[in-house]
Every structure is written in C-alpha cells, then in structure tokens.
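If you want the building blocks of each chain, they are given just below.
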Amino acid sequence: MLEVLSRLQFALTVAFHFIFVPFTIGLIIFILIFEHKYFRSDDKKYKKLSEFFGNLFIINYAFGIVTGIVMTVQFGTNPDAVYTLRPYHYEKNGKKYVSMYQVYMTCVDEYEAA
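Residues numbered from 1 in each chain as written. Predicted model: local features only at pLDDT ≥ 70, side-chain atom pairs only at ≥ 80, totals over all residues. Heavy atoms only, no water.

Visitor: Explain the overall build of the protein here, please?
Guide: The helix and strand tally for the protein stands at four helices and two strands. Mapped in sequence order, the helices and strands of the protein form the string α-α-α-β-β-α. Looking at the protein as a whole, 18% of its 114 residues are labelled buried. In the protein, once contacts between residues fewer than 6 apart in sequence are set aside, the share between residues at least 24 apart is 46%. Surface summary for the protein: the accessible area is close to 9,400 Å², and the carbon and sulfur share equals 69%. (Helix = DSSP H or I, 4+ residues; strand = E, 2+ residues; numbered from the N terminus. Buried < 20%, exposed > 50% of the residue type's maximum accessible area, 1.4 Å probe, protein only. Contact = heavy atoms within 4.5 Å. Areas by Shrake-Rupley, 256 points an atom, 1.4 Å probe, with all protein chains shown as cover.)

What follows is the structure, encoded as structure tokens:
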C-alpha cells in the first residue's frame, strides 16, 4: 500500500512539474511580444502587460524549481525502484561492471555491521 501511495505522490509531483515548465516557457513569448510592442510604440499598456506576465513568469518559475527539486529528492530516496530492472553485474564491450546500486547497498551493509 505504501508503494502505491508513494507512486501516486510522485505522479502528482510530475504532473504539476509538467504543467509549470511549459507554461513558464510559453510566458517568455508573451513577455517578449509585449516588451517589443512597448519598445516600438512607447504605449504604457504594453509595459503593464509585460510587468504582469513577468510576475506570473517569476511565480511559475519558482514553482517549477520547487517541483523539480521535490522530484529529485523523490528519485533519490527510492533507488530500489530505479534499479530493479537493471542487473547488478553487467558487461559492456567485454568489460565487467558493477552497478552503483550494488555499491550503495554494500556500503549500507558495512555501515550497519559496524
């Protein structure tokens, strides 16, 4: 049950991040257009529109950063879900490698044994 709840929480975080990032990128175009129109016509309404959308841009940018950091933390605190599909030992171009998950778990086991 806990795994289902953690996946639901991660899905909500990704959904909010997916909303804020494209919206922020789209706001840049509006700000650019209104700044260009203000520069060409010196009309104050374009300056006010530019400032309004600039404030929205700052708010959305901040929320995008927050949801991105939360996503990173959620990835980092659940390494098992990331590495369950990858074998511990694998070969590439004839060389043998050990995955970082096995190195991490070995360090954890050694720390707990001490």
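Visitor: Sorry if this is basic, but what is going on with the side chain of threonine 13 here?
Guide: By secondary structure assignment, the location of threonine 13 is in helix H1 (residues 2-41). Among the residues examined, threonine 13 registers a relative accessible area of 11% and is labelled buried. In this structure the side chain of threonine 13 is engaged in a polar contact, spanning 3.4 Å, whose partner is the side chain of glutamine 74. With residues near it in sequence (within four places) discarded, threonine 13 still touches Thr67, Val70, Met71 and Gln74. (Polar contact = N/O pair within 3.5 Å; in protein donor to acceptor, adjacent residues only side chain to side chain.)

Visitor: Where do I start with the side chain of threonine 24 in this structure?
Guide: With respect to the helices, strands and loops of the structure, threonine 24 is situated in helix H1. Only 2.7 Å separates the side chain of threonine 24 from the backbone oxygen of phenylalanine 20, close enough to count as a polar contact. Once you skip the residues sitting within four places of it in the chain, threonine 24 turns out to touch Phe57, Asn60 and Tyr61.

Visitor: Would you mind showing me how to read the nonpolar core here?
Guide: As a rule of thumb, nonpolar side chains are buried together in soluble globular proteins. Leu27, Ile31, Phe34, Tyr38, Tyr46 and Phe53 together form the largest nonpolar core, which totals six residues. Taken together, the elements giving at least two residues each to this core come down to H1 and helix H2 (44-76). With four residues, H1 is the single largest residue contributor to this core. (Core = buried A, V, L, I, M, F, W, Y, C linked by side-chain atoms within 4.5 Å.)

Visitor: Any chance you could explain a nonpolar patch on the surface here in plain terms?
Guide: A cluster of nonpolar residues, Met1, Leu5, Leu8, Leu12, Phe16 and Ile19, forms a patch on the protein surface that exposes about 660 Å² of accessible area. By the secondary structure assignment, isoleucine 19 is in helix H1. (Patch = residues over 30% accessible without salt bridge, like charges linked within 9 Å, V, L, I, M, F, W, Y side chains within 5 Å. Salt bridge = Lys/Arg side-chain N within 4 Å of Asp/Glu carboxyl O.)

Visitor: Explain the environment of phenylalanine 53 here, please?
Guide: Looking at where phenylalanine 53 falls in the secondary structure, it is placed in helix H2. In sequence terms phenylalanine 53 and leucine 32 are 21 residues apart; their C-alpha atoms lie 10.0 Å from each other. If sequence neighbours within four positions are ignored, phenylalanine 53 has contacts with Leu27, Phe30, Ile31 and Phe34.

Visitor: Help me understand the packing of aromatic side chains in this model?
Guide: Aromatic rings in a pair are described by how distant their centres are and how their planes are angled relative to each other. With the rule as written, the count across this model stands at eight aromatic pairs. Measuring from ring centre to ring centre gives 6.3 Å for phenylalanine 16 and phenylalanine 20, while their planes differ by 20°; the resulting arrangement is stacked. Residue phenylalanine 16 and its partner phenylalanine 20 are both found in helix H1; the two are separated by four residues, about one turn of the helix. Between phenylalanine 34 and tyrosine 46 the ring centres are 6.4 Å apart and the planes differ by 20°, which places this aromatic pair in the stacked class. Of the two residues, phenylalanine 34 is situated in helix H1 and tyrosine 46 in helix H2; the sequence distance between them amounts to twelve residues. Residue phenylalanine 34 shares its accessibility class with tyrosine 46, and that shared class is buried. Members of the aromatic cluster, connected to one another through ring pairs, are Phe30, Phe34, Tyr46, Phe52 and Phe53. (Phe/Tyr/Trp six-rings, centres within 6.5 Å; stacked < 30°, edge-to-face > 60°.)

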